[in-house]
Amino acid sequence: MTVTVSVPRDQLREGGPLRLEADSRAVLVVLVDGEVAAYEDGCRHRGTSLVDGAVRDCVVTCPGHFWRYDLRTGARADTVGEPLPRFAVRQEDGLVLVDLPDLPPAMSMRETLLAAARAGRPT
């Protein structure tokens, strides 16, 4: 079941991220160059919320460990790396609507440990 979160369009200001929450998920909504974009609100490093990160020249800097993301694309702005997951956005009657896809089924502890081992990262 797809979950939709919304915010009035007039609550968005250029380059000012806004955090929405639904279905135990956090969404970063931002107006960049006149376009609305929505991403998973969590740095790919440690999951730190990006809503309080410094925004300059369409790039948000994670307040936790300073990873940088281009808010136009979600791509890393400081190096090659995993981009922020992006969500579909539509606008209706003055609202910005963000459709959140279904969450994948939770992995078992065994699957989590195997995935971490394959990726060569500590758990």
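Residues numbered from 1 in each chain as written. Predicted model: local features only at pLDDT ≥ 70, side-chain atom pairs only at ≥ 80, totals over all residues. Heavy atoms only, no water.

Moving on, we come to the pairing of strand β3 (residues 25-32). Taking burial as the measure, the 8 residues of β3 include 8 buried ones, the bulk of the element. Along β3, one buried face is formed by Arg25, Val27, Val29 and Leu31 and the opposite face, lined by Ala26, Leu28, Val30 and Val32, is buried too. Two strands pair when backbone bridges link them, and strand β2 (residues 18-22) and β3 are joined in this way by 5 bridges, in the antiparallel orientation. Each residue of the ladder has a partner; that of Arg19, found in β3, is Leu28. Following β2, the chain reverses through 2 residues before pairing antiparallel with β3; Asp23 in that reversal takes a positive phi of roughly 55°. Inspection of the sheet shows β3 paired to strand β4 (residues 35-40) by 6 bridges, in the antiparallel sense. Each bridged residue has a counterpart across the sheet, and for Val32 the counterpart in β4 is Glu35. (Buried < 20%, exposed > 50% of the residue type's maximum accessible area, 1.4 Å probe, protein only. Helix = DSSP H or I, 4+ residues; strand = E, 2+ residues; numbered from the N terminus. Pairing = 2+ DSSP bridges.)

What follows concerns the packing of aromatic side chains. One pass over the full model with this rule turns up 0 aromatic pairs. Just above the ring of Trp67 sits the side chain of Arg76; from NZ or CZ to the centre is 3.8 Å. Residue placement shows Arg76 over the ring face of Tyr69; its charged tip is 5.9 Å from the ring centre. (Phe/Tyr/Trp six-rings, centres within 6.5 Å; stacked < 30°, edge-to-face > 60°. Lys NZ or Arg CZ within 6 Å of the ring centre and 35° of its normal.)

This part takes up the side chain of Asp70. Among the structural elements, Asp70 can be located in strand β7 (residues 68-70). Apart from the residues within four sequence positions on either side, Asp70 is in contact with Tyr39, Cys58, Val59, Ala75 and Ala77. (Contact = heavy atoms within 4.5 Å.)

Turning our attention to the confidence of the model for the protein. Of the residues in the protein, 97% have a pLDDT of 70 or more, and the chain-wide mean is 89. When pLDDT is averaged over each element of the protein, β7 comes out on top at 96 and strand β1 (residues 3-8) at the bottom at 84. (pLDDT = per-residue confidence, 0-100.)

Both β1 and strand β9 (residues 95-100) contribute to a ladder of 6 bridges, which runs antiparallel. Residue pairing across strands places Val5 opposite Val98, the latter belonging to β9. Two strands pair when backbone bridges link them, and strand β8 (residues 86-92) and β9 are joined in this way by 5 bridges, in the antiparallel orientation. Residue pairing for β9: Gln91 is matched across the bridge by Val96.

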